[in-house]
Amino acid sequence: MNENNNNVQYYEDEIDLRELVMALWKRKKMIIAFTLIAAIIAGMFSVFVLSPVYDTKLNIVISMPDVYHTRYGEYKLPITSNEQYINLIKSNDVLINTIRDMGYTEVSVEQLAKRINIGSLDAKSNSVQNSFNITVSADNPEESHKLAQLLFENYIEFMDVMVKERAISHYINYFNVEIMSLENSLEVEKETLAKNQELLLQTPKTIDVESNIEVQTQLNGDSNYVVPVDIANPNYIKIENDIIRNKQSINGIESAIKKYDKYLNELEIEKQAVKKYYETGRTEKLQSSVIGIVENSIYLPSPPVVPTQKTSPSNTLNTLIGAVLGGMIGVMAALVKEYWF
C-alpha cells in the first residue's frame, strides 16, 4: 500500500515531456523574440563595434651558416638554430623601428608584438625546419600589407647589423689579444737574438787543431809543400743558423703585427660606423665594408600580398552564437513564466 502511494506521489511531482513541449510551444513567440533580438544585437555588435582584422602572411626562409667568413677570418655565429633566428623578428629594436616607420603614435611595443604571430614550429624529425609562416594583423588590408613589408625590412636590417656588429667586436678583441701575444714573442726573440749575437762574437770560427794538406806535383807525384787547413767550429755554425732563424722569426712577427694593426684600424672605422648608425636613430642604413650574409640567407620566396577579406570577426558566426544564446534565454524565460508564476 505504501509503495503504491509513493509511485502516485512521484508521478504527480514529475513534469510530463508532452506538457513541457506544449508549454514551450505556448511561449514560442517569446522564445522567437529573444532569439531574434539576441541575434540582431550580436550581429550589430560584430559589424559596428568590433574592429575588423586583416592578416598578411609572410613565408620566411632561413638558411644562416654556422660560420661567418670574412677577410679577417672565420667568425662562429652565436645563434645555432633557425627557431632562434625567427624569434628575433619580435625583438624590441625591430618593433620600435617598425612603429616609427608606420607612423604609429599610440601603439606600444607590446601591442604590436601581439599583432605578429609566428606559426607553429613543426620541424620534421629528420630535417631542420627553415621555412616559417608569420602572420601580421591590422585593421585594414593596406595597413596589414604595409606593416608586413616594413616588419620584414626592419628584421633584415636588424639581423644584418647585429651579425656585423658582433663580428667586428669579436675581431677587435681577437686581434688585440694576438698583438699582445706577438709583442711578447717579439721581445723574447729579440732578447734571444742579442744573446746569440753576443755569443757569436765570443765563439771562434775555427777549431785550433793542426791539420795539413800535402800538395804533390803533377810530374812525379812527389810532395813539394804542405798547406795548413783550418777546421770550422760547429758551434759557431750553429749559432749563425740560430741567428738567421731569430731574424726570420722577428720579421714574421713584425709582419703579423703590422697586418693586425692594419686590420684594427679598418675595424675601428667599422665600429665608428656602427656607433653612428645607432646615434642617428637608425634612420640610414649601416655603411660598412664588411660583407653581409643576412640578405642572402634570410629571404622571402614570394612577396606578401594584400589580403582580400578580413580574418575576424565573422559576422555570421557571431550572429549564430547570439541566436543560440538568445534562444536558450528565451526557453528559460518561458519555463520560468509558465511554471513559476
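Everything below is about the structure printed above this text.
All of these numbers come straight from a predicted model, not from anything done at the bench.

Chemist: Explain the overall build of the protein chain to me, using residue names and the numbers behind them.
Modeler: A tally of helices and strands in the protein chain yields ten helices and ten strands. Considering the protein chain as a whole, with its 341 residues, one finds that 33% of them fall into the buried category. Across the protein chain, every contact between residues at least 6 apart in sequence was considered, and the portion connecting residues at least 24 apart equals 77%. Carbon together with sulfur atoms contributes 55% to the accessible area of the protein chain, which is approximately 22,800 Å² in total.

Chemist: Describe helix H8 (residues 234-279), and please don't skip the residues or the numbers.
Modeler: The periodicity of an α-helix, 3.6 residues per turn, causes residues three or four positions apart to be oriented the same way. Compared with the 68 Å implied by 1.5 Å per residue over 46 residues, the 66 Å span of H8 between its first and last C-alpha is a close match. A distance of 3.1 Å separates the backbone nitrogen of Asn235 from a side-chain oxygen at the start of H8, and that oxygen is part of Asn233. Phi for Gly281, located one or two positions after H8, is positive at around 75 degrees.

Chemist: Account for the packing of helix H7 (residues 141-202) against H8, with residues named and values stated.
Modeler: For any two helices packed against each other, the geometry is given by the interaxial angle and the distance between the axes. It is at 7 Å that the axes of H7 and H8 come closest, and there the two elements cross at 155 degrees. The angle between the axes of H7 and H8 places the two elements in the roughly antiparallel class. In the crossing of H7 with H8, the sense of the turn from one axis to the other is left-handed. The residue makeup of the contact of H7 with H8, split by class, is 25 nonpolar, seven polar and 13 charged.

Chemist: Before we move on, could you go through a nonpolar patch on the surface and cite the residues and values that matter?
Modeler: On the surface, Ile32, Leu36, Ile40, Met44 and Phe48 cluster together to form a nonpolar patch covering roughly 560 Å² of accessible area. Tracing the backbone shows Leu36 in helix H3 (residues 28-49).

Chemist: Help me get a handle on the nonpolar core, residues and values and all.
Modeler: Ile60, Ile62, Met64, Ile134, Tyr155, Met159 and Ile298 are the most contacted members of the largest nonpolar core, which totals 67 residues. Secondary structure elements with two or more residues in this core: strand E1 (54-62), helix H4 (82-87), helix H5 (92-102), helix H6 (109-114), strand E4 (116-118), strand E5 (131-138), H7 and H8. No other element matches the 22 residues that H7 contributes to this core. In contact with Met64, other than residues within four places in its own chain, are Leu77, Tyr85, Val163, Ile293, Val294, Ser297 and Ile298.

Chemist: Tell me about the pairing of E5, and please be specific about residues and values.
Modeler: The buried fraction of E5 amounts to six of the eight residues, a majority that puts the element mostly inside the structure. The sheet contact formed by E1 and E5 spans eight bridges and is antiparallel. Considered in E5, the bridge of Leu58 is made with Ile134. Of the pairings in the sheet, the one linking E4 to E5 comprises three bridges and is antiparallel in character. Looking at E5, one finds that Ile118 is bridged to Ile134.

Chemist: Account for the environment of Asn117, with residues named and values stated.
Modeler: Of note, Asn117 is situated in strand E4. On a C-alpha basis, the gap between Asn117 and Ser137 in space is 8.5 Å, while along the polypeptide they are 20 residues apart. The contacts of Asn117, once residues within four sequence positions are left out, are Asn133, Ile134 and Thr135.

Chemist: Which residues make up H7, and what are the values?
Modeler: With 62 residues, H7 ought to run about 92 Å at 1.5 Å a step, and its terminal C-alpha atoms sit 91 Å apart, in line with that. Its side-chain oxygen placed 3.3 Å from the backbone nitrogen of Glu142, Asn140 serves as the N-cap of H7.

Chemist: Report on the packing of aromatic side chains, specifying residues and quantitative values.
Modeler: Inspection of every chain in the model, using the stated rule, returns nine aromatic pairs. Plain terms: the ring middles of Phe175 and Tyr263 are 5.4 Å apart, the flat faces sit at 45 degrees to each other, and that makes the pair tilted. Of this pair, Phe175 sits in helix H7 while Tyr263 sits in helix H8, and the two are 88 residues apart along the sequence. Tyr263 carries the same exposure label as Phe175, and that label is buried.

Chemist: Now, about the pattern of salt bridges: what can you tell me, with residues and values included?
Modeler: Between side chains of opposite charge, a pair can form when the charged atoms approach closely. Within this structure, the stated rule accounts for six salt bridges. In this structure, Arg71 engages Glu266 in a salt bridge whose closest nitrogen and oxygen atoms are separated by 2.3 Å. Taken as a pair, Arg71 in the loop between strand E2 (67-70) and strand E3 (73-76) and Glu266 in helix H8 lie far apart in primary sequence, 195 residues in all. On the basis of relative accessibility, which here comes to 22%, the residue Glu266 falls in the partly exposed class. Residues joined in a network through salt bridges with shared partners are Lys238, Asp242 and Arg245.

Chemist: Can you lay out the environment of Gly252 for me, pointing to particular residues and giving the numbers?
Modeler: Relative to the elements of secondary structure, Gly252 occurs in helix H8. Under the relative-accessibility criterion, Gly252 is labelled partly exposed at 41%.

Cut-offs and rules
- Residues numbered from 1 in each chain as written.
- Predicted model: local features only at pLDDT ≥ 70, side-chain atom pairs only at ≥ 80, totals over all residues.
- Heavy atoms only, no water.
- Helix = DSSP H or I, 4+ residues; strand = E, 2+ residues; numbered from the N terminus.
- Buried < 20%, exposed > 50% of the residue type's maximum accessible area, 1.4 Å probe, protein only.
- Contact = heavy atoms within 4.5 Å.
- Areas by Shrake-Rupley, 256 points an atom, 1.4 Å probe, with all protein chains shown as cover.
- Expected span 1.5 Å × (residues − 1).
- Polar contact = N/O pair within 3.5 Å; in protein donor to acceptor, adjacent residues only side chain to side chain.
- Axes fitted to C-alpha atoms, helices over the stretch in contact; angles between N-to-C directions.
- Parallel < 35°, antiparallel > 145°, perpendicular 65-115°, else oblique.
- Left-handed = near helix turned anticlockwise from the far one by under 90°.
- Nonpolar A, V, L, I, M, F, W, Y, C, P; charged D, E, K, R; others polar.
- Patch = residues over 30% accessible without salt bridge, like charges linked within 9 Å, V, L, I, M, F, W, Y side chains within 5 Å.
- Salt bridge = Lys/Arg side-chain N within 4 Å of Asp/Glu carboxyl O.
- Core = buried A, V, L, I, M, F, W, Y, C linked by side-chain atoms within 4.5 Å.
- Pairing = 2+ DSSP bridges.
- Phe/Tyr/Trp six-rings, centres within 6.5 Å; stacked < 30°, edge-to-face > 60°.

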